[in-house]
Amino acid sequence: LFIIIHCIPKDNVKRHNQTAQTIIKNMASILSSIRSIAASNYEPLTKFDVPNTTFGDAFFAQSGIRIEGTYGISSPSLQFWFGCTLVMVMDVIFGLMISSILYYYVLPTNLKQTSISKSNIYVLGFGVIIPCCYLLPYAVIDATGIQNSVVRFTLSAPMVFYAFRCVEAMCGFVPPVVTSSPLDYAIYYATPTELMFDRKNGQRVMATSHDIRRSLIGATKTLITNLILMSLFSSYNYEPFQSMNAREESLSSIRDYLDMKHLGNCFITAMMFQQLVGLFGSVAALVIQITTGYRAVESMRNPVMEATSPSDFWGRRWNVAVHGALKRGVFKPVRKFSSSFVAALMAFIASGLFHEYLVHLTGMYNKEPRVADDNVCNALNTDYKPQLGSNMAFFAWNGVIMVTEKLLGRNRVMQSFGSTLPRFMVVFLTIMTALPLAHWFGNPYIKQGLLCDFQEGYFFVTKIA
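The following paragraphs examine the structure supplied in this document.

How each quantity is defined
Residues numbered from 1 in each chain as written. Predicted model: local features only at pLDDT ≥ 70, side-chain atom pairs only at ≥ 80, totals over all residues. Heavy atoms only, no water. Helix = DSSP H or I, 4+ residues; strand = E, 2+ residues; numbered from the N terminus. Contact = heavy atoms within 4.5 Å. Areas by Shrake-Rupley, 256 points an atom, 1.4 Å probe, with all protein chains shown as cover. Salt bridge = Lys/Arg side-chain N within 4 Å of Asp/Glu carboxyl O. Buried < 20%, exposed > 50% of the residue type's maximum accessible area, 1.4 Å probe, protein only. Patch = residues over 30% accessible without salt bridge, like charges linked within 9 Å, V, L, I, M, F, W, Y side chains within 5 Å. Phe/Tyr/Trp six-rings, centres within 6.5 Å; stacked < 30°, edge-to-face > 60°. Lys NZ or Arg CZ within 6 Å of the ring centre and 35° of its normal. Axes fitted to C-alpha atoms, helices over the stretch in contact; angles between N-to-C directions. Parallel < 35°, antiparallel > 145°, perpendicular 65-115°, else oblique. Nonpolar A, V, L, I, M, F, W, Y, C, P; charged D, E, K, R; others polar. Core = buried A, V, L, I, M, F, W, Y, C linked by side-chain atoms within 4.5 Å. Left-handed = near helix turned anticlockwise from the far one by under 90°. Expected span 1.5 Å × (residues − 1). Bend = angle between axes of the 7 residues up to and from the residue. Polar contact = N/O pair within 3.5 Å; in protein donor to acceptor, adjacent residues only side chain to side chain.

1. So, the overall build of the chain
- Check the secondary structure of the chain and you find 21 helices and three strands.
- Look at the contacts in the chain between residues 6 or more apart in sequence, and 80% of them connect residues 24 or more apart.
- Working note: accessible area of the chain is about 22,800 Å², and carbon and sulfur atoms make up 64% of it.

2. Thoughts on the pattern of salt bridges
- Within this structure, the stated rule accounts for eight salt bridges.
- Note that Lys 447 is salt-bridged to Glu 239, the shortest N-O span being 2.9 Å. With Lys 447 in the loop between helix H20 (438-446) and helix H21 (450-455) and Glu 239 in the loop between helix H10 (209-233) and helix H11 (254-257), this residue pair connects regions lying 208 residues apart in the sequence.
- With a relative accessible area of 10%, Glu 239 lands in the buried category.

3. Some remarks on a nonpolar patch on the surface
- Residues Val 342, Met 346, Ile 349 and Leu 353 make up a contiguous nonpolar surface patch of about 310 Å² in total accessible area.
- With respect to the helices and strands, Ile 349 occurs in helix H16 (residues 340-363).
- For Ile 349, a relative accessible area of 34% puts it in the partly exposed group.

4. Some details on helix H14 (residues 310-317)
- Of all eight residues in H14, seven are buried; the element is thus mostly enclosed.
- Buried residues of H14: Pro 310, Ser 311, Asp 312, Phe 313, Trp 314, Gly 315 and Arg 317, and no others.
- Positive backbone phi, approximately 45°, marks Asn 319, located one or two places after H14.

5. Things to note about the packing of aromatic side chains
- Following the criterion strictly, the structure yields 28 aromatic pairs and no others.
- Both rings, one in Phe 80 and one in Trp 81, keep their centres 5.1 Å apart while their planes meet at 85°; by these two values the pair is edge-to-face.
- Look at Phe 80 and you get buried, because its relative accessible area is 4%.
- Ring pairing ties together the aromatic residues Phe 273, Phe 313, Trp 314, Trp 318, Phe 348, Phe 394, Phe 395, Phe 441 and Tyr 445, which thus form one cluster.
- The ring of Tyr 188 carries the charged tip of Arg 165 above its face, separated from the ring centre by 4.8 Å.

6. Comments concerning the packing of helix H7 (residues 118-144) against helix H8 (residues 149-171)
- Two elements in contact, H7 and H8, have axes whose closest approach is 9 Å; the angle formed by their N-to-C orientations is 175°. Taken together, the axis directions place H7 and H8 in an arrangement best described as roughly antiparallel.
- Here the contact of H7 with H8 is built from residues that sort into 19 nonpolar, two polar and two charged.

7. Side note on the side chain of Asn 319
- Looking at the secondary structure, you find Asn 319 in the loop between H14 and helix H15 (320-335).
- Owing to a relative accessible area of 16%, Asn 319 belongs among the buried residues under this scheme.
- Ignoring sequence-local partners within four residues, the contact set of Asn 319 consists of Val 277, Ser 299 and Met 300.

8. Examining the nonpolar core
- One finds Leu 102, Ile 129, Tyr 162, Phe 164, Tyr 185, Met 272 and Trp 314 to be the most contacted residues of the largest nonpolar core, which totals 99 residues.
- Per-element tally for this core: the top contributor is H8, with 14 residues.
- What Tyr 185 contacts, discounting residues up to four positions off in sequence, is Ser 99, Leu 102, Tyr 103, Leu 107, Arg 165, Ala 169, Val 174 and Val 178.

9. Describing the packing of H8 against H15
- Orientation of H8 relative to H15, taken along the N-to-C sense of each, is 40°, at an axis distance of 9 Å. With respect to each other, H8 and H15 are oriented oblique. Here H8 and H15 pass one another in a crossing that is left-handed. In this structure, H8 uses Phe 161, Phe 164, Val 167, Glu 168 and Cys 171 to contact H15, whose residues at the interface are Ala 321, Val 322, Ala 325, Leu 326, Arg 328, Gly 329, Val 330 and Pro 333.

10. Let's talk about H15
- An ideal rise of 1.5 Å per residue puts 22 Å on 16 residues; H15 reaches only 20 Å between its terminal C-alpha atoms.
- Approximately 40° is the largest bend angle found in H15, and it occurs at Lys 327.
- Every buried residue of H15 is accounted for by Val 320, Ala 321, Val 322, Gly 324, Ala 325, Leu 326, Arg 328, Gly 329, Val 330 and Pro 333.
- Residues of H15 that are buried sit in contact with H8, helix H9 (182-190), H14 and H16.

11. Regarding the side chain of His 262
- With respect to the secondary-structure elements, His 262 resides in helix H12 (residues 260-292).
- Exposure remark for His 262: the relative accessible area of 2% places this residue in the buried category.
- Within polar-contact distance, the side chain of His 262 engages the backbone oxygen of Pro 436 at 2.9 Å.
- A polar atom in the side chain of His 262 sits 3.4 Å from the side chain of His 439.
- If sequence neighbours within four positions are ignored, His 262 has contacts with Ser 243, Asn 245, Leu 251, Asp 256, Tyr 257, Pro 436 and His 439.

12. Looking at unusual backbone geometry
- Even without being glycine, Tyr 238 reaches a positive phi, approximately 65°.
- Its location among the elements puts Tyr 238 in the loop between H10 and H11.
- Residue classification places Tyr 238 among the buried residues on the basis of a relative accessible area of 0%.
- Positive phi, normally seen in glycine, also occurs at Asn 366, with a value near 50°.
- Look at Asn 366 and you get partly exposed, because its relative accessible area is 44%.

Laid out in structure tokens, this is it:
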């Protein structure tokens, strides 16, 4: 706070003092509401038995999948949705406050207008705003005792966007169209999604009724897919095949990484995260389009089944909103002083670091021991302790793959070889650059119960015994 007061002219601080006090009071009220939420009783609405069957006995016996047993239809927890909604409201309030500071005291400098000095901008951004973005979720968890991993994720994920968008504001890479007014910049900054721009005239694209209807249909399809995947795989903690990783054994050879059971579990992991992130992005885009009239970019474009190259997978299909934040907040600032190869690697390293941050915040910090529950994720190992480092390794590997692709793409032989392959083979080879290592990304989230916590908000079929 002392640094902010030093960086910002005193008369402007006084002018915004009343607004800041109101925001702080609202955030305190939200904190109190979160603390008052009681833990939910996660009981199925109904139960039914599935008898033993001889169909596919050989396959199921070899894979470790058991169909017979007692199943139940879960009931969604209102406490789950209250918690997610309240922390999202808190995130938006914080984002609006930071967007106001950036708009009045950082963006004018990038537009060659008179404001605070460049050195003070970096002190304000790197010394105050970005640390606050990353540390505020820890303070909220300390104040409220939130244990649900998804609520924690909902609290912390927008803060990552805010940090990257702070860097892009300091370095001058904010899309010019969003700087036309404080409201436009606030909408852009405080919402964890990507708005669509017309490259010809630099204007934002307005959402039509067709766009809203398409987003609604997309969100519904993604939700249904999520419910199906949860019903099929939740009773196995999303690792139905008894691979070495599922048994928490170390993979030590290429053969272990290419084992069909391991690849099957990794494919389920990839699909689950594609659908979960896609659902979040679809709902966020739908809300933005309805409330503001601006068209939002589709977050997930079916990368697992349609990507034709690593750059297509990571650059144009997988989590487009994060890609945009990394491009303007990491790639472009680094590219000013280095090559595109170095900038691409730094973007993947930054992605790995913020995913490690999410792992620590969702599954490690002040996390109470889980209690075994037969009604939800009865296959979850409650003694599992996530470790840091694997997400960083996963994204570093994919950064190397991206750079290698760019180098090989200049070779005529490789270009000719790629053009002769059928599309399904190109998609398969693309996915295989990352799929054998998908457990590096998925383990810290899945094995600590992130997907089990996500289940609390939905109706779906789950195996109880």
